[in-house]
Every structure is written in C-alpha cells, then in structure tokens.
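One-letter residues, chain by chain:
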Amino acid sequence: MQQSPSETPCFAATHYVFDNLEEAFAQQPVATVSRINETYEEQSIILFLVKGYETGPTVWIQAALHGDEHDGIVACARLLADISPEELRGNLIVCPVTNPTALLAGTNASPLDGVNLNRVFGQNVDPASYSSRYGQWLADHITKHADFLIDLHGGGRWLDVCPFAMVASDHDGAFNRSMAALSQVPLTATFICHDEAKGMLINEVCKNGIPAVLLESGGGNRWTDTAVHAHFHNIRLILDQLGAYTADPQQKESETYRANCKPLQIREIAELRFLKSGILTFSRQAGDIVRQGEELIRVLSYPELEEHSIICPIAHGVILSIHAASTVHNGGYAVMLGKLT
Ligand SMILES: [Zn+2]
C-alpha cells in the first residue's frame, strides 16, 4: 500500500487533554480541539472533542466498532486534520477506535469475549459479557452528550461493501432527521433498520430520540483512499446538512455524487452463509443488481474439491456486501442482499 505523505493518517495536534467528556465540556475553550483519555474497565478509549466557535449540534463520529474495519479510522484522522473549529457551529466528538481490543487483535469482535459489539442490544446476548457492558457504556455516553451519531463501518477482513447507509427507524422524529441529514449523501442504497433482532448501536441510540446512521465503505482487509474519501466526504455532507459545518461546493459536484443522489431504499435483507469450507473461485461485486437464479458466489470446497455455488434466492435485489477473501469457512458470511420491489 503506497501513500503519499499527505495521505498518512495524522491526528490533530491538541493543546488540551482531559480524563473525561464532562471535564472537557466544562473546561475546554471554544474553537479548540482536545484529546480525552477515557477509560472503560482498564481499556483506553480515546476521544477528541472539537468545540466550535458558535452553538449548534453535537455530532458523535466513531470508527472501528468492528476492529478489522480501518477506513473510518483514517477518515477520522483526516476530519480532525481538516476541520477548522472556528468555523464549526456546535461540537464534534470523534472516537477513531471504538473497539480497541478488537483493533489490536485484528478481529471483528473483541478477543475478551468474541461478542459482536454491534449486536449486544438484542435478546440473544449475555448481558454480563464485556462487549454488552461496554456497549451500554458507549450508548449511554452518546445519548448523554450527542445530538447525532455517525457510526463508520466497512467490509473488514472478509467482505467488500457498496457505499450504503443503515438508518435506525425506532423513533419517528429521530428517523426523519437522519433521512434529512443523508439527503445529499451519495449512496448506492439506504437500509432502513428497525430494531427487531439485530441489536445494533444505532437502534439503541435512536430509541432515545437521537438520530443515528451507520455508513459502510470499503473492505478487502485493507484501507483504501477511495473508501476513506467516501467516509470523509459523507461526514462533511452530513455536517453541512445539519448546519454544523459548510461543505466545499466541489464536494457536491463529483461524478459519484451526481450518479448516486437517489439511493435505493431497502427495508428487508436476505443474509446468505457458506455451507462449505474451501477457497473462493467466483463472486459478483458489491453494488450489483441481481435476480433470482443468478449465481452470486462460488466455492471450491475441501476435501471434496468440488465447486458449490450460492444462487440468488430472491426475485430482485442489490448486493450490499459480499465475501471477498480467498479463504472461505463453512457457516461464514457470504452475501447480504437488499430486497428490491
Ligand atoms: Zn462493521
């Protein structure tokens, strides 16, 4: 991976350091950036508070809730390097690494318990697990301090994703404000999620009346400039729509922007898993529109050394995410399809 020096992730130099958000909100001067060294059960949770010059919304922006999704971390670095606090109306709370133990282990979930931190608010998770306790701490902090949540994700180690958003719809007012904030963001699809089974952070936060969106970009086990730029630009467009920070006019004029002004609206998904272990020999692309009976992905299995295909089971859909690594495990995630009518 070659990056020019200007593209190297670099967090803003900060003159103020605090132990928690309450202290920072009380003591930090306006138009400055601070670093906040929070701790949860002996794990360091690093936050940055950008305090604007004028009043406005407080937007919580976080990345790497899943430890193998790195594009958002670099997007947070670029945002902090790029933003001028004196032109900000409101505040940004930026958490570049939301799941530190998972990041350091190179895994999606924390090695402390192997629990998916974005599934801990549902019925089927042990509430005593580390990830459940930490997830609740995180949701409480966001609800207490923020007016809007942007949760940055990607395909991580195994998947590729198309640029899409998940929007929590558990609270009508918050949902409508989320959709309005996304109205100028270029996306392939918008998946409107009600908290039925998944137990995602955006649903937990939305239940408390806070608009919450999850943005997907990138994957393939490495961060890329394309995926980082997508996250960075989309954050800037949301901040613009919220009245917090004016976007550069050129951010609304790119080819991708014009092509994706009207994302597909998804209300139902189909999740397909591998039934064999082996290696990947064929796959469609994230963002492809597919129809029933079309081959989506194929595995050369071991020990049979036979090819097994996964076929599109729904009438009409869009591939939101698809397995991209050569290694395939029986039971592993293969494809997420958004159902189209
Ligand atoms: Zn994720």
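What counts as what
- Residues numbered from 1 in each chain as written.
- Predicted model: local features only at pLDDT ≥ 70, side-chain atom pairs only at ≥ 80, totals over all residues.
- Heavy atoms only, no water.
- Phe/Tyr/Trp six-rings, centres within 6.5 Å; stacked < 30°, edge-to-face > 60°.
- Helix = DSSP H or I, 4+ residues; strand = E, 2+ residues; numbered from the N terminus.
- Buried < 20%, exposed > 50% of the residue type's maximum accessible area, 1.4 Å probe, protein only.
- Domains from an automatic or database assignment.
- Contact = heavy atoms within 4.5 Å.
- Buried area = accessible area lost by both parts, 1.4 Å probe.
- Salt bridge = Lys/Arg side-chain N within 4 Å of Asp/Glu carboxyl O.
- Polar contact = N/O pair within 3.5 Å; in protein donor to acceptor, adjacent residues only side chain to side chain.
- Nonpolar A, V, L, I, M, F, W, Y, C, P; charged D, E, K, R; others polar.

Colleague: Can you help me understand the packing of aromatic side chains in this one?
Modeller: The geometry of an aromatic ring pair comes down to the distance between the two centres and the angle between the two planes. In this structure the tally under the stated criterion is 6 aromatic pairs. Centroid distance F11 to F48: 5.5 Å. Interplanar angle 5°. Geometry classified as stacked. Placement of F11 in the segment before β1 (16-18) and of F48 in strand β3 (residues 43-51) is noted, with a sequence separation of 37 residues between them. Under the relative-accessibility criterion, F48 is labelled buried at 5%. Geometrically, the ring pair formed by Y40 and Y134 is tilted, given 5.5 Å between the ring centres and 35° between the ring planes. Linking Y40 in strand β2 (residues 32-40) with Y134 in helix α4 (residues 130-145), this pair joins segments that are 94 residues apart in sequence. Overall, the relative accessible area of 1% leaves Y134 in the buried class.

Colleague: I tried to follow the domain arrangement of the protein on my own but got confused; where do I start?
Modeller: It is common to give the size of an interface as the accessible area that goes away when the parts come together. Taken domain by domain, the protein consists of domain 1 (5-266) and domain 2 (269-339). Put simply, the middle of domain 1 and the middle of domain 2, counted by C-alpha atoms, are 29 Å apart. The interface is formed by 14 residues belonging to domain 1 together with 19 residues belonging to domain 2. Carbon and sulfur atoms make up 76% of the surface buried where domain 1 meets domain 2, a total of about 1,200 Å² over both sides. Its largest share of buried area at the contact with domain 2, domain 1 owes to W158, L159 and I266, together 43% of the area lost on that side. Run the count over domain 1 and domain 2 and you get 1 salt bridge. Residues E271 and K198 are paired through a salt bridge, measuring 3.2 Å at the closest nitrogen-oxygen approach. Linking domain 1 to domain 2 there are 5 residue pairs in polar contact (both at pLDDT 80 or more). When contributions to the side of domain 1 that touches domain 2 are tallied by element, the ones reaching two or more residues are β7 (159-161), β8 (164-168), β9 (189-193) and β11 (264-266). Counting residues per element, the side of domain 1 that touches domain 2 draws most heavily on β7, at 3 residues. Looking at the side of domain 1 that touches domain 2 residue by residue, the classes come out as 10 nonpolar, 1 polar and 3 charged.

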